[in-house]
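# Observations on chain architecture
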Amino acid sequence: MLGNVAKMLGSSGLCVTQSVLLQSSRNTFVLKRRFPPNLYKKNQKPGKLRGRHFVYDLVEDTTIKKKPNLEVVLTAFVEGVGSKGDVVSLKPNEAYNKLLLPGLAVYKTPENVAKYATEKDEKETEVHSSAYAQRTVNKLESLILAVVMNKDHPWVIEPWHIKLSLRKAGYYVPDSAITLPDTPITGPDLLKQNKEFYCTVTINNLEQARVRCRIHHWSTEPSDRLPYVFEHWKLDAEPLFGEAALAKA
């Protein structure tokens, strides 16, 4: 009696479990014989295959094959990618995680292209001149620009002084895109050493970045130079024209 019960429980489908390791996966391997067998004539019996005929070389493994880029249509402005209605091509993972899942883009179809292109044309003004303009504004506004002026000869800060200082920092800006404060800044004046003022950089005649500038005096004579301050950009600085000028947007 107990033996029959044990057999029934052993054959029951409730106790059967399937390992996840046995699940099928979609893998394709393209192989090529290293030593192909000889051809045989019509109605001739094929020759016996030898061990060398079963040696294969891997031609292609689809599991490591690079997937093509995915084209999507942006539904909103994405910094560093494009504006609304633009068709962009990105890697699949990047397109899924950064654009499709947050709802910033849709798949490229004729309907979606026409829909968002029409909405883009109906916009009166573009908020951003390019995909990278806002990123440039953020970089410039996080910069503390050192404006090095002569300690021995009189000067008045002009746009080309800011242009040269920006070039040293790795930014190339034309003179016409730089706007200085209304009050002229003259020197040399050691009371203005390490004091801050703001200048405005216009990008593509649309975006504007307010750049923090600090005055530093420099002499060609080593004996007349001011003591070097280590990592001076991390120190607090007083405003050149008062707190109201710094807080002014």
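Position numbers for residues count from 1 along each chain, tracking the sequence in the order it is written. Totals for whole chains, interfaces and linings use every residue, but because this is a predicted model, local features are given only for residues with pLDDT of at least 70 and side-chain atom pairs only at 80 or more, for both listing and counting. With hydrogens and water stripped out, all remaining heavy atoms of the structure feed into the side-chain values.

Per an unreviewed UniProt entry, the protein chain carries the name Large ribosomal subunit protein bL9m and comes from Anopheles quadriannulatus. The Sequence similarities (unreviewed entry) comment attached to the protein chain in UniProt states, word for word, "Belongs to the bacterial ribosomal protein bL9 family." UniProt positions are given in the numbering used here, feature names are shortened, and annotations may be inferred rather than shown by experiment. As its UniProt record puts it under Subcellular location (unreviewed entry), the protein chain is described as follows: "Mitochondrion".

For every residue, the accessible area (1.4 Å probe, protein chains only) is compared with the maximum for its type, and the residue is labelled buried under 20%, exposed over 50%, or partly exposed between those bounds. Working definition: helices are DSSP H or I runs of at least four residues, strands are E runs of at least two. Numbering for both runs from the N terminus. Residues V88 and L90 of strand 4 (residues 87–90) are buried on one face, while the alternating residues V87 and S89, pointing to the opposite face, are not. Being paired, for any two strands, means DSSP has found at least two bridges between them. Bridging between strand 3 (residues 70–74) and strand 4 involves four bridges; their strand directions are antiparallel. Among the inter-strand pairings, E71 is bridged to a residue of strand 4, identified as S89.

Here we take up the sheet that holds strand 4. The strand order across the open sheet built from three strands is 4-3-5, with neighbouring strands paired in antiparallel fashion. The strands lining the two open edges of the sheet, one partner per strand, are strand 4 and strand 5 (105–107). This sheet shows a mean twist of 40° between the axes of neighbouring strands, independent of strand direction. Pairing between strand 3 and strand 5: three bridges, direction antiparallel. Following the sheet pairing, V72 is matched in strand 5 by Y107. Helix 2 (residues 92–100) contacts strand 3, strand 4 and strand 5 of the sheet and is inclined by roughly 20° relative to strand 3. Angles run from 0 to 180 degrees between N-to-C directions of axes, and those axes are lines fitted to C-alpha atoms, restricted for helices to the stretch in contact. Only heavy atoms enter the contact rule, under which two residues are in contact if any of them lie within 4.5 Å.

Each reported salt bridge corresponds to a side-chain nitrogen of Lys or Arg within 4 Å of a carboxyl oxygen of Asp or Glu. Counted by the stated rule, this structure contains six salt bridges. One salt bridge in this structure joins E238 and K195, with 4.0 Å as the shortest N-O distance. Placement of the pair is E238 in the loop between strand 11 (207–218) and helix 6 (243–247) and K195 in the loop between strand 9 (186–187) and strand 10 (196–203), with a sequence separation of 43 residues. With its nearest N and O atoms 3.1 Å apart, the salt bridge here joins K234 to E231. Relative accessible area serves as the criterion here: at 56%, K234 is assigned to the exposed category. Salt bridges sharing common partners tie together E196, R212 and R214.

Attention now goes to the sheet that holds strand 11. If you walk across this open sheet you meet the four strands as 6-11-10-8, and the pairing is mixed. Two strands bound the open sheet, and with one partner strand each, they are strand 6 (144–150) and strand 8 (178–179). Examined bridge by bridge, strand 8 and strand 10 share two bridges and lie antiparallel to one another. Across the sheet, the residue bridging to I178 is V201, located in strand 10.

Now for the side chain of H217. Its place among the elements puts H217 in strand 11. Counting of polar contacts relies on pairs of N or O atoms within 3.5 Å, with two restrictions inside protein: one atom must be capable of donating a hydrogen and the other of accepting it, and residues adjacent in sequence are counted only when both atoms are side-chain atoms. Separated by 3.2 Å, the side chain of H217 and the backbone nitrogen of D189 make a polar contact. Side chain to side chain, H217 and Q193 meet in a polar contact 2.8 Å long. When neighbours within four sequence positions are excluded, H217 is seen to be in contact with M149, N150, K151, W155, P188, D189, L190, K192, Q193 and L226.

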